[in-house]
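What the coordinates show
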Amino acid sequence: MSEFLSVDAFRDALHAIGERQYHDLHPFHQQLHGGQLEKGQIQAWALNRFYYQVSIPRKDLTIMSRMDDPKLRRAWMQRVLDHDGLNDHGQPDEGKVGGIERWLRLTDGLGLDRDYVISLEGILPATRYAVDAYVNFVRDHSLLEAVASSLTELFAPSIHRERIAGFEKNYAFANDSTLSYFRKRLDEAPRDVEFGLNYVLTNARTAEQQRQCLRALRFKTELLWAQLDALHHAYVTPNLIPPGAFVPADMRPTEYRR
Ligand code: PQQ
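Described in the following lines is the structure provided in the data block. Because the structure is predicted, anything quoted here is derived from the model rather than measured.

1. Examining the overall build of the protein
On a plain count of helices and strands, the protein comes out with eleven helices and zero strands. For a compact globule of 258 residues, the expected C-alpha radius of gyration is about 18 Å, and the protein comes in at 19 Å, within 12% of that figure. Expressed along its principal axes, the backbone C-alpha trace of the protein runs to roughly 55 × 50 × 35 Å. Counting across all 258 residues of the protein, residues that qualify as buried make up 51%. A total accessible area of about 12500 Å² is found for the protein, and carbon and sulfur atoms account for 51% of it. Between the centroid of the 32 positive side chains of the protein and the centroid of its 35 negative side chains there is a distance of 2 Å.

Quick look at the structure:
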């Protein structure tokens, strides 16, 4: 049995999970940010990641449905609005455009058809399973574990900064519109994560609860990692695209036969 950790030791243990296994370490991200991917491979990443984007508000609303305290729900509500936005059009309220619309500006800039992206028809089987696992996790575990699972956002601003710099340096599609999602998250994520981290540090009152939180955060890093494994397998090497999944214009899909 592990023992109860001091607040500082518990915080360090949460951070250590990010150090060890956050998806900034994944080769797919390193190639993406380092300018080593072709446009079709980046299209595949953005298309698949769109399912994560649209599922985040479903995940946050699932968490909210488990909260009894209106104050807590009000605070958490901001996350849903950040992604869903208060309008879709930009002018004159550009600041109120949500993350989903901003992500679609990225997929527009990459030359993907919006209706196809929104249809989710081209995503990889593993993307669907990994993302759904997140929504199911927050439904099926304690509220404390659900909040803890969101704490990968501790590590997201640094990957977003790396991505903005890497895209600007390496890819012609990088511009204010295609980067707007990531720039906006740099303001939003620190506020979310401060709240979430505080909640977890305050409400994990036993060694068992601390352990559950650490496991929840680990589970989350794994589902992020699994998405990149699947992208790498389909679109980098061995480049085996599952039947029905998106095929970039410059790739010839393997024919699967019985
Ligand atoms: N994670 C959440 C969450 O768990 O509630 C919300 C977000 C993330 C975002 O809005 C993100 O943009 C985001 N971005 C990345 C990334 O680009 O690597 C990772 C994560 C994450 O760690 O879950 C999030």
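Read on, since the account is not over.
2. Things to note about the site of the ligand
The ligand sits among 18 residues. The nearest are Tyr52, Lys59, Tyr134, Tyr181 and Lys220. At 3.1 Å from an oxygen atom of the ligand is found a side-chain nitrogen or oxygen belonging to His83. Alone, the ligand offers 470 Å² of accessible surface; in the complex the protein occludes 99% of this. Listed by contribution, the elements that provide at least two residues to the shell around the ligand are α3 (39–64), α9 (156–170), α10 (176–203) and α11 (207–235).

3. Thoughts on the packing of aromatic side chains
Taken as a whole and assessed by the stated rule, the structure comprises 16 aromatic pairs. Ring centres 6.3 Å apart and planes at 20° place the aromatic pair Tyr52 and Tyr134 in the stacked group. Taken together, the positions of Tyr52 in helix α3 and Tyr134 in helix α7 (residues 125–140) put the pair 82 residues apart, joining distant regions of the chain. According to the relative accessible area criterion, Tyr52 is buried, its value standing at 10%.

4. Observations regarding a nonpolar patch on the surface
On the surface, a cluster of nonpolar side chains totalling about 250 Å² of accessible area is made up of Met77, Leu81 and Leu86. Looking at where Leu81 falls in the secondary structure, it is placed in helix α4 (residues 70–84).

5. Re the side chain of Glu188
Within the secondary structure, Glu188 sits in helix α10. Glu188 gets classed as buried once you look at its relative accessible area, which sits at 8%. At 2.7 Å, the side chain of Glu188 forms a polar contact with the side chain of Arg185.

6. Comments concerning the packing of α4 against α10
Viewed as axis vectors pointing N to C, α4 and α10 meet at an angle of 160°, and their least axial separation amounts to 11 Å. Judged by the angle between their axes, α4 and α10 are roughly antiparallel. Relative to α10, α4 is oriented so that their crossing is left-handed. Each of Leu72, Ala75, Trp76, Gln78, Arg79, Asp82 and His83 in α4 lies in contact with α10, whose residues at this interface are Tyr181, Arg185, Glu188, Arg191, Asp192, Val193, Phe195, Gly196 and Tyr199. Split into classes, the residues belonging to the contact of α4 with α10 amount to seven nonpolar, three polar and six charged.

7. Remarks on the environment of Pro125
Examined against the element boundaries, Pro125 turns out to sit in helix α7. Once the C-alpha coordinates of Pro125 and Val200 are considered, the two residues, 75 residues apart in sequence, prove to be 32 Å apart.

8. A short note on the pattern of salt bridges
Should the charged atoms of two oppositely charged side chains come close, the side chains can pair. In this structure the tally under the stated criterion is 18 salt bridges. With its nearest N and O atoms 3.8 Å apart, the salt bridge here joins Asp132 to Arg58. Placement of the pair is Asp132 in helix α7 and Arg58 in helix α3, with a sequence separation of 74 residues. When its relative accessible area of 25% is taken as the criterion, Asp132 is described as partly exposed. The partner of Glu208 in a salt bridge is Arg215, with the nearest N and O atoms 3.9 Å apart. The partly exposed category is assigned to Arg215, whose relative accessible area is 48%. Through salt bridges that share partners, Arg79, Asp82, Glu153, Arg185, Glu188, Arg191 and Asp192 make up one connected network.

What counts, and at which threshold
Residues numbered from 1 in each chain as written. Predicted model: local features only at pLDDT ≥ 70, side-chain atom pairs only at ≥ 80, totals over all residues. Heavy atoms only, no water. Helix = DSSP H or I, 4+ residues; strand = E, 2+ residues; numbered from the N terminus. Rg over C-alpha atoms; globule rule 2.2 N^0.38 Å. Buried < 20%, exposed > 50% of the residue type's maximum accessible area, 1.4 Å probe, protein only. Areas by Shrake-Rupley, 256 points an atom, 1.4 Å probe, with all protein chains shown as cover. Lys, Arg positive; Asp, Glu negative; His and termini not counted. Charge placed at Lys NZ, Arg CZ, Asp CG, Glu CD. Near = heavy atom within 4 Å. Polar contact = N/O pair within 3.5 Å; in protein donor to acceptor, adjacent residues only side chain to side chain. Phe/Tyr/Trp six-rings, centres within 6.5 Å; stacked < 30°, edge-to-face > 60°. Patch = residues over 30% accessible without salt bridge, like charges linked within 9 Å, V, L, I, M, F, W, Y side chains within 5 Å. Salt bridge = Lys/Arg side-chain N within 4 Å of Asp/Glu carboxyl O. Axes fitted to C-alpha atoms, helices over the stretch in contact; angles between N-to-C directions. Parallel < 35°, antiparallel > 145°, perpendicular 65-115°, else oblique. Left-handed = near helix turned anticlockwise from the far one by under 90°. Contact = heavy atoms within 4.5 Å. Nonpolar A, V, L, I, M, F, W, Y, C, P; charged D, E, K, R; others polar.

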